[in-house]
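Take a look at the letters that make up each chain.
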Amino acid sequence: PMSMLVGPVKAPTSIATDTQLSSTLTMPAAGCYDLVLFDDLRQSHIKKAVYVLEDTDDLALVGLFPASAPIEGGQTTLIGNAFSQEMPVSFGTQSAETIAQTENTWDVLVPSVSEPQTVDVTVGEQTLENAFTYYMVPRFSDVMPATGKAGDTVVIHGKNFDDTLRIFADQY
């Protein structure tokens, strides 16, 4: 029998079609869990987040995906329960525009900020503390020299470089 792990729980799984699996979530509490599907034959796995909501009509904000964007802003999906159209959404102190919504998910445009930071996200009266991170996107402008031989040093010009940046050179 096929199964997948949802957080710490092994969930029975069946093949519905060649493009769809079916599984029952039996989580002990609402929240965000890692869903891991193993393929033993190919020795690989797929890992995604799954949000389990409480069976209630009470407002709850349980997560968002993605939970980060460049300082210029972007788009994210808020996941929760009992959202209503008139509820305001904010990232830190800034309002966000809702562009699509259901009772349990809202697609929102993330407002821009001036510098990298982590902010609270609020829907109505529900707040997820430190839930969203703004980051700087590295920008490359030039490589000097543009030609060289093995062992030569090149200098890369641009902005927003930090010690998390990894650079790969590939032959084409």
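Use the structure listed above.
Quick notes on the rules
Residues numbered from 1 in each chain as written. Predicted model: local features only at pLDDT ≥ 70, side-chain atom pairs only at ≥ 80, totals over all residues. Heavy atoms only, no water. Core = buried A, V, L, I, M, F, W, Y, C linked by side-chain atoms within 4.5 Å. Buried < 20%, exposed > 50% of the residue type's maximum accessible area, 1.4 Å probe, protein only. Helix = DSSP H or I, 4+ residues; strand = E, 2+ residues; numbered from the N terminus. Contact = heavy atoms within 4.5 Å. Salt bridge = Lys/Arg side-chain N within 4 Å of Asp/Glu carboxyl O.

**Q** Tell me what's going on with the nonpolar core, and back it up with residues and numbers.
**A** L78, F91 and F132 are the most contacted members of the largest nonpolar core, which totals 20 residues. Only β6 (60-65), β9 (89-91), β12 (105-110), β13 (117-123) and β14 (126-135) provide two or more residues apiece to this core. Each residue touching F91, except ones within four places of it in the same chain, is listed here: L64, T76, L78, A96, V108, V110, P111, V119, D120, V121, F132 and Y134.

**Q** I'd like a description of the pattern of salt bridges, backed by residues and values.
**A** Here the structure, examined in full by the defined rule, presents two salt bridges. Taking the shortest distance from any N to any O, the salt bridge between R139 and E72 comes out at 3.7 Å. Of this pair, R139 sits in strand β15 (residues 139-144) while E72 is found in the loop between β7 (68-70) and β8 (74-81), placing the two residues 67 residues apart along the sequence. What makes E72 partly exposed here is its relative accessible area of 49%. The residue K149 makes a salt bridge to D152 at a minimum N-O spacing of 3.8 Å.

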